[in-house]
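The chain contents come next:
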Amino acid sequence: MPFTVKSIFTPRFSLLMVSLSTLVVVGLNLVVFFATDIVFIYSPQYNATIASLKFTNFYHQFETQFSDGVKILRILLTFLPFFVLIFSSGITMYFLRTSSSLIRKAKHTKISTSGLSTKEKQVVKMLLVILGLFIGNLFPRILFYVVQFSLPEFYFGKRLNNVFNLTFSGILVLDFVNHTSNLFVFLTMSTNFRVKFIELFPFSRRLF
């Protein structure tokens, strides 16, 4: 039986995985809501009352444990999607190779060295490109969290607050580039995706 993504990632399965991922991420970060309170203070700069964040008594009481726990949690949440992507990409390439071999044997044709058709090779290339982009985006984030864990002053409201905010802004820019680049990867490397995209957005036809 040929391998198809739709046979595994059904709408029900996809909804279940997205829901579980959301619950896990929100649940692991739930403790953060106990660290800060929203307070309203008068700002001479704006000559108005503004909303601000203030650390709670819970945070000051367990500051060391809380800070270390959050830093470790961020590192774990950074590595988790990396391993999931590696694992799922490996499974996809394995089944592509296996199904291709079965189909060619059924047709009594000669199997190539790679065991993959031209179309399947294109899928593997696209997966590798996406994986490379993800790793390129993830590596600076890992360094950011490792430095944050090893240097206590490299944190919000600490001595290196400005460097922390600047670096964190750079990480957000990399996230934006990573998420937007996937669209262009699919448009460049997937003919079916490009055709469907042009059908949905006919004005984009002149771009391709």
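Residues numbered from 1 in each chain as written. Predicted model: local features only at pLDDT ≥ 70, side-chain atom pairs only at ≥ 80, totals over all residues. Heavy atoms only, no water.

Broken down by element type, the protein chain carries seven helices and two strands. Along the protein chain, helices (α) and strands (β) appear in the sequence α-α-β-β-α-α-α-α-α when read from the amino end. Out of the 208 residues belonging to the protein chain, those deemed buried represent 24%. Considering only residue pairs separated by 6 or more positions, the protein chain has 47% of its internal contacts joining residues 24 or more positions apart. Of the roughly 15100 Å² that the protein chain leaves accessible, carbon and sulfur atoms contribute 71%. (Helix = DSSP H or I, 4+ residues; strand = E, 2+ residues; numbered from the N terminus. Buried < 20%, exposed > 50% of the residue type's maximum accessible area, 1.4 Å probe, protein only. Contact = heavy atoms within 4.5 Å. Areas by Shrake-Rupley, 256 points an atom, 1.4 Å probe, with all protein chains shown as cover.)

Let us look at the pattern of salt bridges. Pairing between side chains of opposite charge can happen when their charged atoms approach one another. Using the criterion set out here, one finds two salt bridges in the structure. Its salt-bridge partner being Arg-141, residue Asp-175 comes within 2.2 Å of it at the nearest N-O pair. Taken together, the residues span a long stretch of sequence, with Asp-175 in helix 6 (residues 161-189) and Arg-141 in helix 5 (residues 118-150) at a distance of 34 residues. For Glu-199, the salt bridge goes to Lys-196, with nearest N and O atoms at 3.9 Å. Here the residue Glu-199 and the residue Lys-196 both occupy positions in helix 7 (residues 191-200), the gap between them amounting to three residues, near one helical turn. The exposure class of Glu-199 is exposed, given its relative accessible area of 51%. (Salt bridge = Lys/Arg side-chain N within 4 Å of Asp/Glu carboxyl O.)

A general tendency of soluble globular proteins is for nonpolar side chains to be buried together. Formed by Ala-35, Tyr-59, Phe-66, Val-70, Ile-75, Phe-144, Tyr-145, Phe-154, Tyr-155, Phe-164 and Ile-171, the largest nonpolar core amounts to eleven residues. Going through the elements one at a time, helix 4 (63-106), helix 5 and helix 6 are the ones with two or more residues in this core. A total of three residues in this core trace back to one element, the largest contributor, which is helix 4. Every residue in contact with Phe-154, bar those within four places of it in the chain, is listed here: Phe-144, Val-147, Gln-148, Leu-160, Val-163, Phe-164 and Thr-167. (Core = buried A, V, L, I, M, F, W, Y, C linked by side-chain atoms within 4.5 Å.)

Before going further, it helps to spend a moment on a nonpolar patch on the surface. Among the surface-exposed residues, Leu-30, Val-31, Val-32, Phe-33, Phe-34, Phe-58 and Phe-62 lie close enough to one another that they form a single nonpolar patch of about 640 Å² accessible area. If you trace the backbone, Phe-33 turns up in the loop between helix 2 (11-28) and strand 1 (36-43). (Patch = residues over 30% accessible without salt bridge, like charges linked within 9 Å, V, L, I, M, F, W, Y side chains within 5 Å.)

Let us now look at the pairing of strand 1. When strand 1 meets strand 2 (residues 48-55), the two strands line up antiparallel, connected through eight bridges. Residue Val-39 lies in a different strand from strand 2, and its bridge partner there is Ser-52. Here strand 1 folds back onto strand 2 in antiparallel fashion, the turn holding four residues, of which Asn-47 has a positive phi close to 55°. (Pairing = 2+ DSSP bridges.)

All right, on to the packing of aromatic side chains then. Scanning all chains against the criterion turns up twelve aromatic pairs. Consider the rings of Phe-144 and Phe-168, whose centres lie 6.1 Å apart with planes at 35°: the pair is tilted. One end of the pair, Phe-144, is in helix 5; the other, Phe-168, is in helix 6, and 24 residues separate them in sequence. Among the residues examined, Phe-168 registers a relative accessible area of 33% and is labelled partly exposed. A ring pair is formed by Phe-193 and Phe-197, whose centres lie 6.4 Å apart and whose planes are at 25°; its orientation type is stacked. You can see Phe-193 and its partner Phe-197 sitting in helix 7, four residues apart, about one turn around the helix. The structure contains a cluster of three or more aromatic residues connected by ring pairs, namely Phe-144, Tyr-145, Phe-154, Phe-164 and Phe-168. (Phe/Tyr/Trp six-rings, centres within 6.5 Å; stacked < 30°, edge-to-face > 60°.)

Nothing here speaks to function; it is geometry throughout.
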